[in-house]
Amino acid sequence: MKDFSFLIGGKAGDGIKQAGHFLAQLFNELGYNIFIYEDYQSLITGGHNFSIVRASDKRILSHKQKVDFAIVFNKDTLEKNQENFKKETIIIYDSDVIQSNDLPKKYKAVAFPMSNVLKESNLPLIVRNAVSLGILAGILKIDFELVKKIIENSVHKKIEENIKVAEIGYKEGLEHKNGFEIEKLKNEPRKILTGNEAIALGAVRAGMKFYFAYPMTPASGILHFLAANEDKFGVKAIHPENEIAVALMAEGAATAGKRAMVGTSGGGFALMVEALSLAGQAEIPIVFVLSQRPGPATGIPTYTSQADLLFSLFAGHGEFLKIVVAPGDVDEAMFLTAMAMNLSWKYQTPAIILSDKHLSESVFSAYYDENKIKIEQPKLWSGKGDYKRYSDEKDGISSLAFLGDKNAIVKATSYEHNEFGITTENSEEAKKMAEKRLRKKITLLKELKGEKTINVLGNKKSKNVLIVWGSTKGAAVEAAENLGIKVIQPMFIEPFPADEIKKELKGAKKIIDIETNATGQMAYILKANGIEVDEKILKYDGRPFIIEKLEEKIKKIIK
Amino acid sequence: MSREMDTKIEKTWCPGCANFTIEAVFKNTLLELEKEGLDLSKVVVLSGIGCHGKISDYLNLSSFYSLHGRAIPVAEGIKLANKDLIPIVFVGDGDAYGEGLEHLIFAAKRNTNINVFVHNNRVYGLTTGQFAPTSPEKFKGRSTPKGSVEEPLNPIELMLASKASFVARGYTGKAEHLKDLMKQALHHRGFSFIDILQPCLAYFDSRDFYGKNVYEMEAQDVSNFNSAMAKALEWDYNNGGKIPVGVFYNQKKLTFEEKICLTN
Ligand SMILES: Cc1ncc(C[n+]2csc(CCOP(=O)(O)OP(=O)(O)O)c2C)c(N)n1
Ligand SMILES: [Mg+2]
């Protein structure tokens, strides 16, 4: 197996993220699968940041704790990332800021005066990322032309100078005694995407015309990506006064016939909840992206958590159909977002995409073919007779006309209403309308029978079963593969695929629920659906599960 | 042929309520504009929640009866999605100056091409008589039985400061004058705002006070911000002073939707 991990550590402003992306591109070009975990703090300069880049010949959805190489820009990294190093780890460090005796003897090290090389070339310290890319490529005997190509593709200023210092590093790397030649794989390079980019692409392919958002980590990546690519994608990315306006503008756009999505994290989603309920009552299609971070309140902005599962499920006063999906990687982010958009329009009801920092901001090799996504049309009004916005249909779905349609008087409303959309307080009408809206779920359940709503992974015959959802899939699936056990991952949270899960649990001996929250929220949903888990593995320190440690925990339970 | 503009359902405003006047004046405005070529199928009525909001149910036009305080952002989304639509947003004073104030300010700041007509009875009608952002100081409402201790907001001043491009005040006791204001607002390309003073017969009967003090402004240079602001400060929404009605400010500039499209 060819599987390499790299850690890059320094302070905010050191260009850690860029260095990680350099490495990811390098290995992508060499035909490897990529995963990047970014660990950074909510500050602009200072603090401690690191990225772990993993490159493998097999598909990977997670990083590993122990790395083979480390690029170290400050002393902090040596202390704070100790648990990521093993004795074979080759540590490449800036010898202008770290003395050799700062470095524990057990490590193999490559000392290089990065800061001075840059000073001589009149380049800022951030260019240490290009120098270290060169050193690493040298150690691994990678053709320098590839390094050049990557710098040319991703650096916008002083490209020549960047290449020059990378070459100085490259020569140093070639000399290194522990160097070896890395194999170039036969695979073509793939798209490498963050979860946020994948969500955006899925929405664009499913016909989104407007994305409204108020900045909030870890969802902001969607806003930035769409704003930067407005013309290419034919969308408008709009940043209004707050999340309340965000959700309502989207609902206005939808009532006028344009597909819209909104994105935020827990605090912003809390502000959107009244509008979510409005979409339920007025039957307006809208997609919410809820990218979770640890709470309550402002919580820990740049770290990860799955503690808003029940919040998303129960958000919104009153009773109405809501669609909630939880992608576990970029492929699922793409097609589940598209599916959520299409279903939201077909069923005229809100949909929520549950992401988290670990999915939204990690980088993955993408396998899903975006061209498979189709825009599915809702039931549109025939244009005949008087239009009834909320006509009482067997399947619960009224035909859609949009504001401005000739001959249609379209009345959308937050009040309970009759079929025309005029307020009612009549008991029979109220009951009829509540039932009409809820019937949409029965129709949806029929449609979903033909769709894949859960993943079954790992050793499908094993009687030990892990249940995971969202980004936790990555570490859990690999741990399960190593241990030869089974994984069930619901991709739909609402409607909840209870029957499908129960079928897969037949004969299971031990059911283990794994989530990054403190109370086991998925276990709660399972229980409500008649499924008892035997054990829970919970993590709520803002960090995602990591394969090696998770494996140990599972081992203890199933021994 | 003009379409029937009434849904013909029972109207539950109090007998003599000034909301009837606003509704009638609006219908007449549309009839007159229709003669000038306005396509009624492009008109979208929006409203917040309050007595005023019922206008969405009563008008046989496409409408969006939004949440309390949240009609304006819906109108902005509608206008962005289809620039041929003409959103006319009927809001309450509690609705637009309290619950959803941020949207009013930002819609003005953006110069989004919508019309906001505020049914300003200076009280919360539907929730049975609490003080509102424009209630006078010492107003005795059900949440302030000893009298409100807050100074009223001056929405004209606020809208000017928020860069609204059309700012007017009307009064339901001057229906013809109000119709003229509505027509001007609908002709204006950009954000149009009318603060419509109305008595609330149940909770704040200000008919006498308005009857004595409301006067129509003389024609003035409506493109001059400073004189508009001076005029706006003439009445502070307390119990006293003369109350000018008419257009305070009218300025031509590119709308939000036009600017967004220019960045294409
Ligand atoms: C979020 C929310 N808060 C409170 C209410 C209750 N509520 C309904 S109307 C209203 C105030 C109405 O006052 P105003 O906007 O001035 O309208 P008016 O009835 O005077 O026309 C309130 C507080 C609500 N519907 N929604
Ligand atoms: Mg009021």
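It should be emphasised that the depicted structure is a prediction, and the values quoted were computed from it without experimental measurement.

The rules behind the values
Throughout, residues of each chain are indexed from 1 in the direction in which the sequence is written. Numbering of ligands from 1 and lettering of chains from A proceed in the order in which they are written. Only residues with pLDDT of 70 or above have their local features reported here, since the model is predicted, and side-chain atom pairs are shown and tallied only from 80 upward, although totals for entire chains, interfaces and linings are computed over all residues. Hydrogens and water molecules were not included; the side-chain quantities draw on all heavy atoms of the structure. Note on definitions. A residue lies near a molecule or strand when any single heavy atom of the residue is within 4 Å of it. N or O atoms within 3.5 Å of each other form a polar contact, as long as, within protein, one can give a hydrogen and the other can take it, and as long as residues adjacent in sequence are counted only when both atoms are side-chain atoms. Accessible surface area values rest on a Shrake-Rupley calculation with a 1.4 Å probe, where residue burial reflects the displayed protein chains alone. Secondary structure counts use DSSP, requiring at least four H or I residues in a row for a helix and at least two E residues in a row for a strand, with both numbered from the N terminus. Each residue is assigned to one of three groups, with Ala, Val, Leu, Ile, Met, Phe, Trp, Tyr, Cys and Pro labelled nonpolar, Asp, Glu, Lys and Arg labelled charged, and all others, Gly among them, labelled polar. A donor here means an N, O or S atom no more than 2.8 Å from the metal, or no more than 3.2 Å when the metal is Na, K or Ca. Since water is not included, a site may seem to lack partners. Exposure categories follow from relative accessible area, calculated using a 1.4 Å probe and restricted to protein chains: below 20% of the type maximum is buried, above 50% is exposed, and the middle band is partly exposed. When DSSP locates at least two bridges between a pair of strands, those strands are taken to pair. Note on contacts: a residue pair qualifies if any of its non-hydrogen atoms lie within 4.5 Å across the two residues. Simply put, the buried area is the total loss of 1.4 Å probe accessible area from both parts when two parts are fitted together. A pairing counts as a salt bridge when a side-chain nitrogen of Lys or Arg comes within 4 Å of a carboxyl oxygen of Asp or Glu. The axes used here are C-alpha line fits, helices contributing only the stretch in contact, and every angle between their N-to-C directions lies in the interval 0 to 180 degrees. What pLDDT conveys is the predictor's confidence in a given residue, as a value from 0 to 100. Each crossing gets its handedness from the near helix: less than a right angle anticlockwise from the far helix is left-handed, clockwise is right-handed.

Asker: Help me understand the site of ligand 1 in this model?
Answerer: Contacts to ligand 1 come from 17 residues, most closely from B:Cys51, B:Asp93, B:Gly94, B:Asp95 and B:Gly125. Looking at what sits near ligand 1, you find residues from chains A and B. Contact between ligand 1 and B:Asp95: an oxygen atom at 2.8 Å from a main-chain N or O atom of the residue. Protein burial of ligand 1: of its 580 Å² of free accessible surface, 77% is covered by the chains. The set of elements that each furnish at least two residues to the shell around ligand 1 consists of α4 (93–99) and β5 (123–124) of chain B. The dominant element in the shell around ligand 1, judged by the number of residues it contributes, is α4(B), at four residues. Broken down by class, the residue content of the shell around ligand 1 amounts to five nonpolar, eight polar and four charged.

Asker: So what exactly am I meant to see when it comes to the coordination of the magnesium ion (ligand 2) here?
Answerer: Six octahedral donors around a metal ideally subtend angles of 90 or 180 degrees, whereas four tetrahedral donors ideally subtend 109.5 degrees. Looking at the magnesium ion (ligand 2), the protein donor atoms are B:Asp93 (OD), B:Asn121 (OD1) and B:Val123 (O), and they sit 2.0 to 2.2 Å from it. Overall, the relative accessible area of 2% leaves B:Asp93 in the buried class.

Asker: I would appreciate a short explanation of the pairing of strand β3 (residues 46–56) of chain A in the present structure.
Answerer: Sheet faces and side chains relate simply in a regular strand, where the side chains alternate between the two faces. All names here are of chain A. In terms of burial, β3 is a largely internal element, ten of the eleven residues being buried. Judged from the nine bridges that link them, strand β1 (residues 3–12) and β3 form a sheet pairing that is antiparallel. Among the inter-strand pairings, Phe4 is bridged to a residue of β3, identified as Ala55. Here seven bridges tie strand β2 (residues 33–39) to β3, and the two strands are oriented antiparallel to one another. Along β3, the bridge assignment pairs Asp39 with Phe50. The antiparallel pairing of β2 with β3 creates a hairpin that spans six residues between the two strands.

Asker: Explain the interface of chain B and chain A here, please?
Answerer: Every contact between the two is made by 38 residues of chain B and, on the other side, 37 residues of chain A. Together chain B and chain A conceal approximately 3,000 Å² of surface at their shared face, both sides included; 60% is due to carbon and sulfur atoms. Among the ionic pairs, A:Lys406 bridges to B:Asp39, the shortest N-O distance being 2.9 Å. Per element, the largest residue contribution to the side of chain B that touches chain A is seven residues, and it comes from helix α3 (residues 71–81) of chain B. Residues belonging to the side of chain B that touches chain A are distributed by class as follows: 18 nonpolar, twelve polar and eight charged. As paired elements, strand β15 (residues 411–413) of chain A and strand β2 (residues 63–65) of chain B share three bridges and run parallel to each other.

Asker: Quick question: what am I supposed to make of the sheet that holds strand β18 (residues 486–490) of chain A here?
Answerer: Residue and element names in this part refer to chain A. What the five strands build is an open sheet, ordered β16-β18-β17-β20-β21; its pairing is mixed. Either end of the sheet is taken by a strand with one partner, and the two such strands are β16 (454–458) and β21 (535–538). Here the strands of the sheet are splayed against their neighbours by 25° on average, with no regard to which way each runs. Bridge analysis of strand β17 (residues 464–467) against strand β20 (residues 510–515) gives four bridges, and the strand direction is parallel. The residue of β20 that forms the bridge with Asn464 is Lys510. This element, helix α17 (residues 498–505), spans β16, β17, β18 and β20 of the sheet and lies at about 175° to β18.

Asker: Looking at this structure, how should I read unusual backbone geometry?
Answerer: Trans peptide bonds make up the majority, and among non-glycine residues the majority have a negative phi. Residue A:Pro218 is reached from A:Thr217 by a cis peptide bond, and omega for that bond is 0°. Mapped onto the elements of the fold, A:Pro218 is located in the loop between β8 (208–213) and α8 (220–228). The omega angle of the peptide bond from A:Gly295 to A:Pro296 is -5°, so this bond is cis rather than trans. Here A:Pro296 is to be found in the loop between β11 (286–292) and α12 (309–314). In this model, B:Lys163 sits at a positive phi of 75°, which is unusual for a non-glycine residue. Along the chain, B:Lys163 turns up in the loop between α6 (155–161) and β7 (166–171). A positive phi angle, close to 70°, is found at B:Tyr237, a residue other than glycine. Within the fold, B:Tyr237 resides in the loop between α9 (225–232) and β10 (243–250). Overall, the relative accessible area of 0% leaves B:Tyr237 in the buried class.

Asker: What's the story with the confidence of the model for chain A in this structure? I'm lost.
Answerer: Caution applies to low-pLDDT parts of the model: their predicted coordinates are not meant to be read in detail. Looking at chain A as a whole, the pLDDT averages 97, with 100% of positions reaching at least 70. β11(A) holds the highest mean pLDDT among the elements of chain A, 99, whereas strand β6 (residues 108–112) of chain A holds the lowest, 92.

Asker: How should I be thinking about the environment of A:Ile512 in this particular structure?
Answerer: All names here are of chain A. Here Ile512 shows up in strand β20. You can call Ile512 buried: its relative accessible area is 0%. Taking the C-alpha atoms as reference, Ile512 lies 4.8 Å from Glu535; in sequence the two are 23 residues apart. Aside from chain neighbours lying at most four places away, what touches Ile512 is Val465, Leu466, Ile467, Glu535, Ile537, Ile554, Ile557 and Ile558.

Asker: Sorry if this is basic, but what is going on with the packing of helix α7 (residues 195–205) of chain A against helix α13 (residues 330–347) of chain A here?
Answerer: Two packed helices can be described by the angle between their axes and the distance between those axes. All names here are of chain A. Relative to each other, α7 and α13 sit at 35°, their axes nearing to 7 Å. Seen along the crossing, α7 lies across α13 with a hand that is right-handed. Along the contact surface, α7 presents Gly195, Ala198, Ile199, Leu201, Gly202 and Ala203, while α13 presents Val330, Ala333, Met334, Thr337, Ala338 and Met341. In terms of residue class, the contact of α7 with α13 is made up of nine nonpolar, three polar and no charged.

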